[in-house]
Amino acid sequence: MAGKTLYDKLWDSHLVHQDADGTSLLYIDRHLVHEVTSPQAFEGLRLAGRKPWRNSSIVANPDHNTPTKNWEKGIEDPVSRLQVETLDKNIKEFGSLVYFPFKDKNQGIIHVIGPEHGTTLPGMTVVCGDSHTSTHGAFGALAHGIGTSEVEHVMATQTLVAKKSKNMLVKVNGQLGVGITAKDVALAIIGKIGTAGGTGHAIEFAGDVISSLSMEGRMTICNMAIEGGARAGIMAPDIKTAEYLKGRQYAPKADQWEQAVAYWSTLHTDANAIFDAVVELNGADIQPQVTWGTSPEQVLPIGATVPDPAKETDPTKRTSIENALKYMGLTANMPIKDIKLDKIFIGSCTNSRIEDLRAAAVVAKGKKVASTIDVAMVVPGSGIVKRQAEEEGLDKIFIEAGFEWREPGCSMCLAMNADRLSAGERCASTSNRNFEGRQGPGGRTHLVSPAMAAAAAIAGHFVDVRNV
Amino acid sequence: MKAFTQIIGLACPLDRANVDTDAIIPKQFLKSIKRTGFGPYLFDEWRYTNYGEPDMDCSTRPLNEDFVLNQARYKGAQILLARENFGCGSSREHAPWAIDDYGFRVIIAPSFADIFYNNCFKNGILPIVASAEIVDQLFKECEAIDGYTLKVDLPSQSVVMPSGKAFTFEVNETSKRNLLNGLDEIGLTLIHTDKIKAFEDQHKLAQPWLFA
């Protein structure tokens, strides 16, 4: 009999009930909640006279609408303010394990604060009304985004109605070259499998490159599993996972620690398990990546030239390239390095952790942001990340180089607050989506790593960070 | 939830691959704390030539005449024809809410993003996966024939084209039952309350740290 994959183990250990057609009820351990996708769910509970099944499973915090500067003015947009106040009110009424309101010293992006406080643990099921919940898979948790109806369902029943996905293995072998980061690995994977490559699958990321990454780097890769079509990305927990968690507020304590670590060591794919799909990459082949189009799969190494639709034989793909070039204001065959930028955004649940800021600061240290760059901003992922960066003096490096040092939040990743691109503006962004209008209507987004974003800020156009 | 059994409705072809949820409903409209009223902002950046804001009166906004939803022949369409990976990107249920509020009840595409696909069923929208060949044929016929109407029947899991030609589609039994009867999924799950409690007790014994 074939062994089990890590996904199989996580699924089986949370299965409450299964119907004949495979429709299942999965028990949910952790429910992350933010202001955008929860108000209608709380309202649904209220209308039905229901209470949360286990409010101690809830970790909540506003992040999408919160401003990243002038906090003393509060939230100026009344529609945004109402949404954030609605979360305050709902948590007060229904309860939670953790709640950091706007301006709390620990507030931040929900996918950054969860791991920071040890509320994401190996072997858990983690859901949130947010597709980047896949981030938490880096801990060996089954973690994925859900819709608002499902948010209400999880609150009311502590379960999710689900159908099991297929198993996909993405193995990144060997070693990464100098200057290559987890973000480049994530983008290279999406470039290879396509934006729908993982649809219907849970992706397990494995291989020497993955093992060699820090927890921050692993979170970056799992975060972007959804951009490859997979709701969940997972990595087997190891010694680094345990080291990261030890001593955090909600991590197992004292006598339970050994028991927990022993259980976590069983959370790996069995040697004789069979995957439905396997993709392998060689770490040494991965170059710094830059997206040129309006889908994360439209990505190329820094040394490449922008694609020419005339060379594409598939008519649907040709149209996609033509649409993307038109929207992005690029010419076929131009070098990626010739793309000039207007704004720089370092932040988001993909790349706003301390290691990301350190990588950008190394590049920015002692340099100046190019005069042609309108705004370059660094938005830490949480209050904790911000304070740690300030203790290390990273804020000074950024400010001296001409970057703006902001308060934590989702910010210009999706531009629900005031941080956004104007029509036609071009941004090097460490976020996760380069969709049309994502960072502001008519805005043009190029996804890159924090180091590549910092290097682009200094040069005013894309450069190979390995030569800086 | 709204029940779905059968519709005979006009089809509208949206000829783009990888239509993402930011395109379906841009972020500024996600600030609403309501479930309704998103229809006028469906595909906002493609549909209008000016920038849309929440609560804006859309009846006087300048239309992008080239956009398919703005063409008179597709007015009142209830079936959206789409290309592969429709609904990719975020988990925002505002996307199916906007599609539903606009009046679409069915989306036919070669493939859907997982979260969006699930979200449709929670809102009485039937997402139909058809082969790329069938979808291609539907696009061609829909663009060629004015008033192109399809009959979508959930009990028999079939779609009948104006020519009389038909194809069948897959849908899992539970989703089908819930959609046909417009069932409240939470109420159905709570039938298993004892089972959930028993699971939770055992889970707590095995991994007490999860309940700290």
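Residues numbered from 1 in each chain as written. Chains lettered and ligands numbered in written order. Predicted model: local features only at pLDDT ≥ 70, side-chain atom pairs only at ≥ 80, totals over all residues.

Draft legend 1. Inspection of the overall build of chain B at higher detail. Looking only at helices and strands, chain B has eight helices and seven strands in total. The burial tally for chain B puts 44% of its 212 residues in the buried class. Long-range pairs, those at least 24 residues apart, make up 68% of the contacts in chain B with a sequence separation of at least 6. (Helix = DSSP H or I, 4+ residues; strand = E, 2+ residues; numbered from the N terminus. Buried ≥ 20, exposed ≤ 12 C-beta atoms within 10 Å, placed from the backbone. Contact = placed C-beta atoms within 7 Å.)

Draft legend 2. How the structure looks around the overall build of chain A. The secondary structure content of chain A amounts to 15 helices and 19 strands. Relative to the 2.2 N^0.38 estimate, which gives 23 Å for 468 residues, the radius of gyration of chain A is 21 Å and therefore close to what a compact globule would have. In terms of overall dimensions, chain A has C-alpha extents of about 55 × 55 × 45 Å along its principal axes. Per-residue burial over chain A gives 60% buried out of 468 residues. In chain A, the proportion of contacts linking residues at least 24 apart, taken out of those at least 6 apart, comes to 77%. (Rg over C-alpha atoms; globule rule 2.2 N^0.38 Å.)

Draft legend 3. Representation of the pairing of strand E16 (residues 375-378) of chain A. All names here are of chain A. Two elements, strand E15 (residues 343-346) and E16, share four bridges in a ladder whose sense is parallel. The residue bridging isoleucine 344 from the neighbouring strand is alanine 376, located in E16. Considered for its hand, the β-α-β crossover made up of E15, helix H12 (residues 354-364) and E16 is right-handed. Inspection of the sheet shows E16 paired to strand E17 (residues 404-405) by two bridges, in the parallel sense. Looking at the pairing, valine 378 lines up with tryptophan 405 of E17. (Pairing = 2+ DSSP bridges. Right-handed = clockwise from strand over helix to strand, strands pointing away.)

Draft legend 4. Structural view of the interface of chain A and chain B. If you look at the interface, chain A gives 60 residues, while chain B gives 48 residues. Ranked by residue count, the leading element in the side of chain A that touches chain B is helix H5 (residues 148-157) of chain A, at six residues. Taken together, the residues that form the side of chain A that touches chain B break down as 22 nonpolar, 28 polar and 10 charged. (Nonpolar A, V, L, I, M, F, W, Y, C, P; charged D, E, K, R; others polar.)

Draft legend 5. Examining helix H15 (residues 450-459) of chain A more closely. Residue and element names in this part refer to chain A. Burial within H15 is extensive, with eight of its 10 residues counted as buried. Residues of H15 that are buried: Pro450, Ala451, Met452, Ala453, Ala454, Ala455, Ala456 and Ala457. Each element contacted by the buried residues of H15 is listed here: strand E13 (289-291), E15, H12, E16 and strand E18 (426-429). Note on H15: the residue one or two positions beyond its end, glycine 460, has a positive phi of about 90°.

Draft legend 6. Molecular detail of the pairing of strand E3 (residues 106-109) of chain B. All names here are of chain B. Side chains Val106 and Ile108 of E3 all project onto a buried face; the interleaved residues Ile107 and Ala109 project onto the opposite face, where all are buried too. Direction of pairing for strand E2 (residues 79-81) relative to E3: parallel, over a ladder of three bridges. Bridge pairing links isoleucine 79 to valine 106 in E3. The parallel pair E2 and E3 is bridged by helix H3 (residues 94-102), and the resulting crossover is right-handed. As judged from the four bridges shared by E3 and strand E4 (residues 126-129), these two strands associate in the parallel manner. Paired with valine 106 across the two strands is leucine 126, which belongs to E4.

Draft legend 7. Main features of the confidence of the model for chain B. On average, chain B scores 96 in pLDDT, and the residues at 70 or more come to 100%. Across the whole predicted complex the pTM is 0.97, and at the interface the ipTM reaches 0.95. (pLDDT = per-residue confidence, 0-100.)

Draft legend 8. Representation of the environment of A:Ser134 in the model. All names here are of chain A. Residue position: serine 134 is located in the loop between strand E6 (125-128) and strand E7 (142-145). Sequence-wise, serine 134 and valine 279 are 145 residues apart; in three dimensions their C-alpha atoms are separated by 19 Å. If we skip the residues at most four places from it in the chain, serine 134 touches Ala143, His144, Cys222, Asn223, Ala225, Ile226, Arg231, Ala232 and Gly233.

Draft legend 9. Structural context of helix H13 (residues 383-391) of chain A. Residue and element names in this part refer to chain A. When H13 is considered as a whole, its buried residues turn out to be Gly383, Ile384, Val385, Lys386 and Ala389. Lining the buried residues of H13 we find helix H4 (110-116), H12 and helix H14 (394-401). Immediately downstream of H13, the backbone of glycine 393 shows phi near 80°, a positive value.

Draft legend 10. Representation of the sheet that holds E16(A) in the model. Residues and elements named next belong to chain A. Spatially, E17-E16-E15-E18-E19 is the arrangement adopted by the five strands of the open sheet, whose pairing is parallel. Whereas interior strands pair on both sides, the edge strands pair on one side only; in this sheet they are E17 and strand E19 (444-447). Pairing analysis gives four bridges linking E18 to E19, with the strands arranged parallel. What sits directly across from alanine 428, in E19, is histidine 446. Where H15 meets the sheet, it contacts E15, E16 and E18, and its direction lies at approximately 155° from that of E15. (Axes fitted to C-alpha atoms, helices over the stretch in contact; angles between N-to-C directions.)

Draft legend 11. Local environment of unusual backbone geometry. All names here are of chain B. Of note, asparagine 18 is a non-glycine position whose phi angle comes to about 55°, a positive value. Of the residues examined, asparagine 18 has 24 C-beta atoms within 10 Å and is grouped as buried. The backbone phi angle of aspartate 55 is positive, close to 70°, even though this residue is not glycine. Relative to the helices and strands, aspartate 55 resides in the loop between helix H2 (44-47) and E2.

Draft legend 12. Focus on the nonpolar core. Judged by nonpolar contacts, the single largest core of 203 residues is most densely connected at A:Ile344, A:Ala360, B:Leu81, B:Ile107 and B:Ile108. Considering every element that reaches this core, the biggest residue donor is helix H6 (residues 182-193) of chain A, with eight residues. Every residue in contact with A:Ala360, bar those within four places of it in the chain, is listed here: A:Ile346, A:Val378, A:Pro450, A:Ala451, A:Ala453 and A:Ala454. (Core = buried A, V, L, I, M, F, W, Y, C linked by C-beta atoms within 7 Å.)

Draft legend 13. Structural view of the sheet that holds E7(A). Residues and elements named next belong to chain A. On the basis of which strands lie adjacent, the open sheet formed by five strands has the order E5-E4-E3-E6-E7 and parallel pairing. Whereas interior strands pair on both sides, the edge strands pair on one side only; in this sheet they are strand E5 (98-99) and E7. Summarising the sheet, strand E3 (residues 30-33) and E6 pair through three bridges and their orientation is parallel. The residue bridging arginine 30 from the neighbouring strand is valine 126, located in E6.

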